[in-house]
Amino acid sequence: MARTDETGQPAQDASPFGTTPPIPPSPDGAARPSARMPRWLPRAMVFALALVGVFQLGSWAFHQLTGLLINILIAFFLALAIEPAVSWMAARGMRRGLATGLVFLAVIVVSAGFVTLMGSMLANQIIKIVEDFPAYLDSVIHWINTHFHTELRRVDVQEGLLRSDWLRNYVQNSATGVLDVSAQVLGGLFQLLTITLFSFYFAADGPRLRRALCSVLPPARQAEVLRAWEIAVNKTGGYLYSRGLMALISGIAHYILLEFLNVPYAPVLAVWVGLVSQFIPSIGTYLAGALPMLIAFTVDPWYALWVLAFVVVYQQFENYVLQPKLTAKTVDIHPAVAFGSVIAGTALLGAVGALIAIPAVATLQAFLGAYVKRYDVTDDPRVHGHRGAGPGGGLVTRARALWARRPESPVSVDAGGAGEGSS
């Protein structure tokens, strides 16, 4: 006999899985109570909203701290660059803090001396250009009057220039932009101080920083981190070493040219060309050559053309002869990869990315090289760039085969037949 409930209706059997089966619709068409909201849905909604909020907060913080992160990245690579010198002095009994301070003091003294010499040279040349400007203007006016049969005068040109709207607008914009320039200068000094302090701490506390980083990693990961750190130090130091050597060679070559042309301030200009051409990738040589061209133009306009021609020729010599030999053992990166890394670094981080792109890619390439399995290459002519012949052979081979199988000409057959008949 079937079980019934209090209303006399047959009782529903419980599900074997402990859940109640769906309630069938009532015969009279009355609506059943709606199902309750799952318990996990409110918590899932709160969790999703929390994730969105954390993402928005992290994105805002990242954009606000981008400048600081870039400064820390520059300081880290600078600390890697001076790490060999600091470690060399520390291995001989000197404290790392003192060794780092001596290295930074040497860099600051050299940089300050170079900036002072360049500033005095530029000031003297600007004064000379301003003093000689009337003579240059007279020569240009004389050339125009001679070739175009005009009657220009220097007084008219000067009055027209002073009364021009362009000069008035330029002076007004320059006056209003003084505060912006001052703010940029102060910001640049603060950024330089930040980079110097971080790089000093990274170099002076290098062992402590490595221990703190390795203390949160298992032993296998610790070995990989220390190996990557060592590779980064070697590659960054090797990159700066090779760039410094090429800067020395470039400076000597340009000094010989400038001294031969009797261009003033030849030693300072040579140092300028050497440093700027090597530590500003791709276009550094042409930017560095602009200043010697300007100074040479004040001596003789033809000297500027000689300097431009020498800069272009030396750039080709450096790219195809000097740089591959010097960077083969220090950086060991293909020129195309180096050029692409510079472009990518510039697109991501601007001038900073262009400077650190090559040592960063060289470090990554050397680190990943240990995890790439390599095999012996087969002795195939195509490996060396020799194209193999196809199924029918090369064009010359097929032409020779057709020439060897050619039929005899009718003239030779008739001549042979006539000869046989006459005999």
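Here the structure is shown first, and the text comes after it.
Since the model is a prediction, treat every value here as computed from it, not as a measurement.

Q: Help me understand the overall build of the chain in this model?
A: The number of helices and strands found in the chain is 15 helices and zero strands. Of the contacts formed within the chain by residues at least 6 apart in sequence, a portion of 62% connects residues at least 24 apart. Of the roughly 30,400 Å² that the chain leaves accessible, carbon and sulfur atoms contribute 69%.

Q: Where do I start with a nonpolar patch on the surface in this structure?
A: On the surface, a cluster of nonpolar side chains totalling about 660 Å² of accessible area is made up of Tyr286, Trp302, Leu305, Trp306, Leu308 and Val312. For the nonpolar patch, the leading source of residues is helix α11 (residues 301–326), giving five residues. Of note, Trp306 is situated in helix α11.

Q: Honestly, the environment of Leu245 in this entry has me stumped. Any pointers?
A: Checked against the element boundaries, Leu245 lands in helix α8 (residues 219–260). Judged by relative accessible area, which is 29%, Leu245 ranks as partly exposed. C-alpha of Leu245 to C-alpha of Gln278: the two residues are 33 residues apart in sequence and 9.4 Å apart in space.

Q: I would appreciate a short explanation of the nonpolar core in the present structure.
A: Nonpolar side chains tend to gather and get buried jointly when the protein is soluble and globular. Counting 19 residues, the largest nonpolar core has Leu80, Ile82, Val86 and Val103 as its most contacted members. Broken down by secondary-structure element, the contributors of at least two residues to this core are α2 (66–90), α3 (96–148), α6 (178–204), α8 and α13 (351–369). Tallying contributions element by element places α2 first for this core, with eight residues. The contact partners of Ile82, leaving out residues within four places of it in the chain, are Thr100, Val103, Phe104 and Ala203. With 15 residues, the next largest nonpolar core counts Ala266, Val268, Ala296 and Val311 among its residues.

Calculation rules
Counting restarts for each chain, with residues numbered from 1 along the sequence as it is written. Where local features are concerned, this predicted model is filtered to residues with pLDDT of at least 70; where side-chain atom pairs are given and counted, the filter is 80 or more; whole-chain, interface and lining totals use all residues. Note: side-chain values were computed over all heavy atoms of the structure, leaving out hydrogens and water. Labels follow the DSSP assignment, with helices taken as runs of H or I lasting at least four residues and strands as runs of E lasting at least two, numbered in each case from the N terminus. Contacts: residue pairs with any heavy atoms within 4.5 Å of one another. Throughout, the Shrake-Rupley method with a 1.4 Å probe supplies accessible areas, and for residues the shown protein chains are the sole cover considered. Each patch is built from salt-bridge-free residues with over 30% relative accessible area, joining like charges within 9 Å and nonpolar side chains (Val, Leu, Ile, Met, Phe, Trp, Tyr) within 5 Å. Put simply, a salt bridge is a Lys or Arg side-chain nitrogen that is within 4 Å of an Asp or Glu carboxyl oxygen. The buried label goes to any residue with under 20% of its type's maximum accessible area, the exposed label to any with over 50%, and the partly exposed label to all in between, with areas taken from a 1.4 Å probe on protein chains only. Take the buried Ala, Val, Leu, Ile, Met, Phe, Trp, Tyr and Cys residues and link them wherever side-chain atoms come within 4.5 Å; each set so joined is a nonpolar core.

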